[in-house]
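An overview of the molecular structure
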Amino acid sequence: MRTTLTLALSTVLLLACSTEQFYAAGRSSQRAECLKQADTAARDRCLKDANTPYDTYRKEADAARK
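Note that the coordinates shown come from a computational prediction; the quantities given were computed from them, not determined experimentally.

**As for the pattern of salt bridges**
Pairs can form between side chains of opposite charge once their charged atoms are near each other. Under the definition given, this model contains four salt bridges. Lys36 is the partner of Glu33 in a salt bridge, and the nearest nitrogen-oxygen pair spans 3.1 Å. Residue class for Lys36 comes out exposed when judged on its relative accessible area of 62%. Arg58 is the salt-bridge partner of Asp62, the closest N and O atoms lying 3.4 Å from each other. Note that Asp62 and Arg58 are positioned in helix H4 (residues 54–65) at a spacing of four residues, about one turn of the helix. For Asp62, a relative accessible area of 31% translates into the label partly exposed. Each member of the salt-bridge network shares a partner with another, and the members are Arg58, Asp62 and Arg65.

So, in structure tokens, the structure goes:
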């Protein structure tokens, strides 16, 4: 019973999160990894990619699917 309730609650919580929120969480994690890089140029390239806005990401993803 407890497992079923926990699973149901987890499912509801996951469904409540939007794709944009998952994207933001992933980019936040990526920024943290970028900051660990010793090479300044590589770190800057990484941070530029990690700071891509969600709207830009969606447009690029949609264009790639066509």
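**Brief notes about the environment of Cys34**
Here Cys34 is to be found in helix H2 (residues 19–34). Here Cys34 is in contact with Arg43, Cys46, Leu47 and Ala50, once residues within four sequence places are set aside.

**Digging into the side chain of Arg27**
Considering the arrangement of structural elements, one finds Arg27 in helix H2. Polar contacts involving the side chain of Arg27 include one to the side chain of Gln30, which spans 2.6 Å. For Arg27, the residues in contact, after removing those within four places along its chain, are Asp49 and Ala50.

What counts, and where the lines are drawn
Residues numbered from 1 in each chain as written. Predicted model: local features only at pLDDT ≥ 70, side-chain atom pairs only at ≥ 80, totals over all residues. Heavy atoms only, no water. Salt bridge = Lys/Arg side-chain N within 4 Å of Asp/Glu carboxyl O. Buried < 20%, exposed > 50% of the residue type's maximum accessible area, 1.4 Å probe, protein only. Helix = DSSP H or I, 4+ residues; strand = E, 2+ residues; numbered from the N terminus. Contact = heavy atoms within 4.5 Å. Polar contact = N/O pair within 3.5 Å; in protein donor to acceptor, adjacent residues only side chain to side chain.

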